[in-house]
Amino acid sequence: LRSTWINYWKQVDAPGSPRTDIAQFHRAPADAVYQTSCAPCHTSQLSFAAGTTRPSSATFRETGINCEMCHGPSLGHVERMKSGIKEPVTATAATPISFKRLPAERYVAVCAQCHAQSAVHDAQAGGAVNYSETGEPYRTYALELPSAFPRRAFYRDGRYRATTFISEAFARSQCFRKGNATCGSCHDPHPPNAAQNPTSLKFSADADAMCVQCHTAIGTRPERHTRHAADTEASRCVSCHMPRIMEAVLFQARSHQIDDIPDAAMTERFGNTDSPNACMSCHAGRDAGWLRVSLAAFR
């Protein structure tokens, strides 16, 4: 991190965007205001006065993400615990939500409330923005089609470009679609070592364990799969299947389309800038011809 103020909009917008001119801060468009652009994912129980989205009317319960933003309204749970009443263990819809009992689609949808570009944050009729006022445990979310997004959101080969599409990228993976993997397969939102583990990895000491917990055969002899020596960066699962190609504000983050496979044809067609290839991130001095021949040898 830079440990200094940055112009956020210059990092995420195309050059010349009205939001990048801090001299016009007092005329900031509605989509550049904290209450409408940032607070939906950085505060809990955000609400506007009914019938308006004026930033000055916004209120929220807590800064940051509180328990109810993921587990749903839980006053009843608190009162039952105080009264010594045992929690019901059967109803999956009861709050607080037990993520162990959620199907993969619903599990990921909870996280996607913030970790998805297509998350809807328009205020509901009563003013609620990032929570449900209709009795649902949390606001519903549906994974949208790529046509809902601008072309700039994608590389020319079709992969997502920005970290705001983490959930959409993950939902494309076979790990999710066929293997029922969830965000919790790799991440622990309540890690015991949060200060040393800012990305909340379940297996921070051995990141490959996130993959080989399912792909056990590969874990026993990784060099057969990777064609690189074991215990090297090139033999790490994420090096090939989660390359750092997603644009965050200050760094390149890993793709969460987890079964991404280096594709020589796409890189030859569009170039490494518009179709970044995991192999080229290490072998930067090589060209697309070398890439094609090398990947063909893996078959």
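Structure: above.
Worth saying up front: this structure is predicted, and the values here are computed from it rather than measured.

What about the overall build of the protein chain?
Then, in step 1: What the protein chain contains, in helices and strands, is 15 helices and four strands.
Then, in step 2: Structurally, the protein chain occupies a C-alpha span of about 65 × 55 × 35 Å along its principal axes.
Then, in step 3: Evaluated residue by residue, the protein chain yields a buried proportion of 35% over its 299 residues.
Then, in step 4: Element-wise, carbon and sulfur atoms account for 56% of the exposed surface of the protein chain, whose accessible area totals about 18,300 Å².

Let's talk about the packing of aromatic side chains
Then, in step 1: Inspection of the entire model under this criterion finds five aromatic pairs.
Then, in step 2: Taken together, the ring pairs in this structure connect F154, Y160 and F165 into an aromatic cluster.

Details of the environment of Y34
Then, in step 1: For Y34, the position within the fold is in helix α2 (residues 34-37).
Then, in step 2: On a C-alpha basis, the gap between Y34 and F149 in space is 22 Å, while along the polypeptide they are 115 residues apart.
Then, in step 3: Excluding anything up to four places from it in sequence, Y34 contacts A39, P40, H42 and T43.

Some points on the pattern of salt bridges
Then, in step 1: This structure, assessed with the given rule, holds eight salt bridges.
Then, in step 2: When the shortest N-O distance is used, the salt bridge between E68 and R61 registers 3.5 Å.
Then, in step 3: According to the relative accessible area criterion, E68 is partly exposed, its value standing at 24%.
Then, in step 4: Residue classification places R61 among the exposed residues on the basis of a relative accessible area of 57%.
Then, in step 5: The partner of E233 in a salt bridge is R236, and the shortest N-O contact between them spans 3.3 Å.
Then, in step 6: For R236, a relative accessible area of 24% puts it in the partly exposed group.
Then, in step 7: A network of salt bridges, in which partner residues are shared, links D157, R159 and D260.

Some remarks on unusual backbone geometry
One can expect most non-glycine residues to show negative phi and most peptide bonds to be in trans.
Then, in step 1: Positive phi outside glycine occurs at Q45, with the angle close to 55 degrees.
Then, in step 2: Along the polypeptide, Q45 turns up in the loop between β1 (43-44) and β2 (62-63).
Then, in step 3: Within the chain, N180 stands out as a residue other than glycine whose phi angle is a positive 60 degrees.
Then, in step 4: The residue N180 is located in the loop between α8 (174-177) and α9 (209-212) in this model.

Structural notes on the side chain of T52
Then, in step 1: Mapped onto the elements of the fold, T52 is located in the loop between β1 and β2.
Then, in step 2: Relative accessible area serves as the criterion here: at 16%, T52 is assigned to the buried category.
Then, in step 3: Within polar-contact distance, the side chain of T52 engages the backbone nitrogen of R54 at 3.0 Å.

Section: the pairing of strand β3 (residues 244-247)
Then, in step 1: Sheet topology places β3 next to strand β4 (residues 252-254); three bridges connect them, and they run antiparallel. Looking at the pairing, E247 lines up with Q252 of β4.

Observations concerning the nonpolar core
Grouped burial of nonpolar side chains is what soluble globular proteins tend to show.
Then, in step 1: If you look at the biggest cluster of nonpolar residues, it comprises eleven residues: F149, A153, F154, Y155, Y160, A162, F165, I166, A169, I245 and M246.
Then, in step 2: Looking at this core, the elements with two or more residues in it are α7 (166-172) and β3.

How each quantity is defined
- Residues numbered from 1 in each chain as written.
- Predicted model: local features only at pLDDT ≥ 70, side-chain atom pairs only at ≥ 80, totals over all residues.
- Heavy atoms only, no water.
- Helix = DSSP H or I, 4+ residues; strand = E, 2+ residues; numbered from the N terminus.
- Buried < 20%, exposed > 50% of the residue type's maximum accessible area, 1.4 Å probe, protein only.
- Areas by Shrake-Rupley, 256 points an atom, 1.4 Å probe, with all protein chains shown as cover.
- Phe/Tyr/Trp six-rings, centres within 6.5 Å; stacked < 30°, edge-to-face > 60°.
- Contact = heavy atoms within 4.5 Å.
- Salt bridge = Lys/Arg side-chain N within 4 Å of Asp/Glu carboxyl O.
- Polar contact = N/O pair within 3.5 Å; in protein donor to acceptor, adjacent residues only side chain to side chain.
- Pairing = 2+ DSSP bridges.
- Core = buried A, V, L, I, M, F, W, Y, C linked by side-chain atoms within 4.5 Å.

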